[in-house]
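Below are the chains, spelled out letter by letter.
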Amino acid sequence: MFRKILIANRGEIAVRVMRACRELDIATVAVYSEADASALHVRLADEAYLIGPAPSAESYLRSERIIEAARASGAEAIHPGYGFLAENAEFARACAAAGIVFIGPSPEAMELMGSKTNARRAAIAAGAPVVPGTTEALRSADDARATAARFGYPVMLKAAAGGGGKGMRLVATEAEIASAFEAAQSEALAAFGDASVYLEKAVERPRHIEIQIFADADGHTVHLGERECSIQRRHQKVIEECPSPIGDAGLRARMGASAIEIARAASYVGAGTIEFLVSDVSREFYFLEMNTRLQVEHPVTELVTGIDLVREQITVAAGQPLSFTQEEIEWRGHAIECRVYAEDPDNNFLPSPGRITTLRVPAGPNVRDDGGVYAGAEVSIYYDPMISKLAAWGRTRDEAIQRMRRALAEYTVGGIKTTLPFFREITRDAEFIAGQLDTGFIERFNVRRAAAKAAARDANTDEAVNINRDLAIIVAALAHTTNKQAAAGDKQTPAAQPLSAWRITGRTAQHRSHDQ
Ligand code: MV4
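Worth saying up front: this structure is predicted, and the values here are computed from it rather than measured.

A. View of the site of the ligand. As a matter of local geometry, the ligand sits amid 18 residues, with Lys-158, Glu-200, Lys-201, Val-203 and Thr-439 nearest to it. One of the side-chain N or O atoms of Lys-158 is found 2.9 Å from a nitrogen atom in the ligand. Gln-232 places a polar side-chain atom, nitrogen or oxygen, 3.2 Å from a nitrogen atom of the ligand. Taking 530 Å² as the accessible area of the ligand by itself, protein coverage stands at 90%. Where the shell around the ligand is concerned, the elements lending two or more residues are strand 6 (155-159), strand 8 (197-201), strand 9 (206-215) and strand 10 (221-233). Grouping the amino acids of the shell around the ligand by side-chain chemistry returns eight nonpolar, seven polar and three charged.

Here you go:
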């Protein structure tokens with residue numbers, strides 16, 4: 001087993017990896033930018049190396065500096081977390097060249113899956129169902145038009161070097177195809193340095209359901225079930241669940257078997273995720289892409305299976321076999337995760353950087369918070385503003401939702417805006433509770449939310465009018481009595497009491513507990 005591991009990341013995921021290291025008695029090395037000198041991951045590590053200025057291109061993306069830090073510290077392995085260098089095949093090669101173990105799949109597997117057209121070809125070869133479309137880049141606008149006509153509108157244009165929806169275009173009619181193709185090409189070139197664009201038939205109102213897979217170097221490949229990730233905003237996941245509300249043992253077994261075939265076709269080793277689109281209507285599923293990293297939402301799988309995925313990544317990278325077989329995996333209950341961001345949900349989710357003045361993190365039965373901050377920490381403008389992932393487990397989905405609501409009510413973050421109030425609303429939304437989670441969920445929810453806000457404003461106005469009217473009546477009545485008493489020469493009338501004091505105090509306290 002390794003004695004020392006360097007974590008080439010920051011924030012909550014660096015902290016999460018360090019926790020697994022500590023349980024395995026492995027020493028931890030942090031790397032940090034000038035903006036992160038007092039960040040939580042630096043405080044929790046056994047040692048830490050400054051690798052550059054705040055911008056990630058000058059720090060967390062500088063592979064040579066990170067490898068230098070690994071050498072200087074004597075770390076035998078590097079865990080990349082997610083993002084930054086996690087899916088960078090060149091970095092994995094540079095680690096190997098320096099005699100350091102990259103905790104992840106081979107550079108070849110990363111490269112294969114990094115090309116979405118090659119990944120589609122590999123999935124087809126593995127016999128997995130794939131969204132109808134091309135496995136080659138489109139050659140021209142004319143080629144795009146002819147190909148779209150062959151598959152039928154609506155179609156999706158996607159960057160071959162992309163993934164995660166970046167540079168993606170939905171095209172509804174032939175009139176738009178040429179301009180959409182040109183736009184997709186230039187977006188792909190700007191974002192990925194590669195203008196290649198391919199075509200898929202658009203799946204209407206799909207769900208995004210992904211399968212967690214794991215493989216060791218001895219060729220044991222297993223799946224750990226699905227995660228439902230359909231609640232997304234601008235292609236960023238917002239809430240994830242395990243299992244999917246539409247999942248059952250049959251769908252899981254079929255999707256799991258396909259995912260294992262795809263992983264085997266790529267000679268995959270380590271933790272990986274196969275993304276599928278699932279039709280809400282037919283329950284048919286189609287391969288979308290494979291992510292060759294530990295994913296942000298891995299905790300929901302951990303809560304339901306009881307398996308520590310990061311620990312397993314480390315032991316598998318050290319050459320050990322998987323610590324469990326497919327038959328030993330059991331899925332128990334339901335887990336939900338909310339990604340808590342330093343963003344203002346009342347101002348179009350604008351980032352809300354700054355100092356966290358107060359912090360109360362929920363705990364108690366079956367609640368897990370994977371955080372990367374503390375009271376007094378600074379949320380920087382330079383990085384992703386996710387401050388924690390709050391997860392709740394219950395025996396049923398309803399119980400998990402109730403527990404999540406309780407945890408959200410306990411959570412307070414002072415000094416910055418967060419998405420906590422947004423989650424308090426979602427977890428009370430009827431469509432969410434019913435599990436109707438196709439790709440249009442957030443859009444529909446935002447419409448309902450705006451309508452509810454407007455109604456609340458109107459109700460408040462009504463209430464204020466009523467209170468004023470009631471007060472006017474009380475004041476008039478009091479004045480009448482007082483005048484009568486004064487006229488009668490009564491000197492015993494007590495001073496007026498503030499009638500609604502208890503109510504005002506109660507409201508203030510409630511507002512405080514939901515303070516951002
Ligand atoms: C699609 C699609 C419909 N048809 N591909 C891909 C990346 C993901 N972030 C969004 N992606 C989609 N790919 C085809 N052929 C619809 C989406 C999609 C989506 C998928 C799941 C959850 C939310 C989504 C929101 C917009 C688009």
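From this point, things continue past the structure.
B. Region of the structure containing the nonpolar core. With 32 residues, the main nonpolar core has Ile-5, Phe-214, Val-222, Leu-224, Ile-314 and Phe-324 as its most contacted residues. Broken down by secondary-structure element, the contributors of at least two residues to this core are strand 1 (4-7), helix 1 (11-23), strand 10 and helix 11 (309-317). Top element by residues in this core is helix 1. It accounts for six residues. Of all hydrophobic cores here, the second largest spans 31 residues; its members include Val-340, Val-367, Phe-441 and Phe-445.

C. How the structure looks around helix 11. Along helix 11, seven of the nine residues are buried, which leaves the element largely enclosed by surrounding structure. Every buried residue belonging to helix 11 is among Leu-309, Val-310, Glu-312, Gln-313, Ile-314, Thr-315 and Val-316, and all of these are buried. For helix 11, the N-terminal capping position is held by Asp-308, with its side-chain oxygen 3.0 Å away from the main-chain nitrogen of Val-310. At the C-terminal side of helix 11, Gly-319 shows a positive phi close to 95°.

D. Representation of the environment of Ile-231 within the structure. Following the sequence through the fold, Ile-231 ends up in strand 10. With 210 residues separating them along the chain, Ile-231 and Phe-441 place their C-alpha atoms 6.3 Å apart. Residues in contact with Ile-231, not counting those within four places in the same chain, are Gln-236, Lys-237, Val-238, Ile-239, Phe-432, Leu-437, Phe-441 and Ile-442.

E. Representation of the sheet that holds strand 8 within the structure. The sheet built from three strands is open, its strands ordered 7-6-8 with antiparallel pairing. With one partner strand each, in any of the chains shown, strand 7 (169-171) and strand 8 form the two edges of the open sheet. The average undirected angle you get between the axes of adjacent strands in this sheet is 30°. Where strand 6 meets strand 8, five bridges bridge the pair, whose relative direction is antiparallel. Its bridge partner lying in strand 8, Val-155 is registered against Lys-201. Its contacts with the sheet place helix 6 (residues 116-125) against strand 6 and strand 8, and it is angled at close to 45° to strand 8. Running at roughly 20° to strand 8, helix 7 (residues 141-151) makes contact with strand 6 and strand 8 of the sheet.

F. Structural view of the pattern of salt bridges. Overall, the coordinates contain 44 salt bridges when judged by the stated rule. Note that Glu-302 and Arg-16 form a salt bridge whose closest N and O atoms lie 2.8 Å from each other. One end of the pair, Glu-302, is in helix 10 (residues 298-305); the other, Arg-16, is in helix 1, with 286 residues separating them in the sequence. Residue Glu-302 shares its accessibility class with Arg-16, and that shared class is buried.

G. Main features of unusual backbone geometry. Geometrically, the link from Tyr-153 to Pro-154 is a cis peptide bond, its omega value of -5° lying close to zero. For Pro-154, the position within the fold is in the loop between helix 7 and strand 6. For the peptide bond that leads from Cys-242 to Pro-243, omega is -5°, which places it in the cis range. Position of Pro-243 relative to the elements: it lies in the loop between strand 11 (236-242) and helix 9 (249-265). Backbone geometry places Asp-25, a non-glycine residue, at a positive phi of 60°. With respect to the element layout, Asp-25 can be found in the loop between helix 1 and strand 2 (27-33). Judged by relative accessible area, which is 73%, Asp-25 ranks as exposed. Even without being glycine, Ser-267 reaches a positive phi, approximately 45°. Tracing the backbone shows Ser-267 in the loop between helix 9 and strand 12 (270-279).

What counts, and where the lines are drawn
Residues numbered from 1 in each chain as written. Predicted model: local features only at pLDDT ≥ 70, side-chain atom pairs only at ≥ 80, totals over all residues. Heavy atoms only, no water. Near = heavy atom within 4 Å. Polar contact = N/O pair within 3.5 Å; in protein donor to acceptor, adjacent residues only side chain to side chain. Areas by Shrake-Rupley, 256 points an atom, 1.4 Å probe, with all protein chains shown as cover. Helix = DSSP H or I, 4+ residues; strand = E, 2+ residues; numbered from the N terminus. Nonpolar A, V, L, I, M, F, W, Y, C, P; charged D, E, K, R; others polar. Core = buried A, V, L, I, M, F, W, Y, C linked by side-chain atoms within 4.5 Å. Buried < 20%, exposed > 50% of the residue type's maximum accessible area, 1.4 Å probe, protein only. Contact = heavy atoms within 4.5 Å. Pairing = 2+ DSSP bridges. Axes fitted to C-alpha atoms, helices over the stretch in contact; angles between N-to-C directions. Salt bridge = Lys/Arg side-chain N within 4 Å of Asp/Glu carboxyl O.

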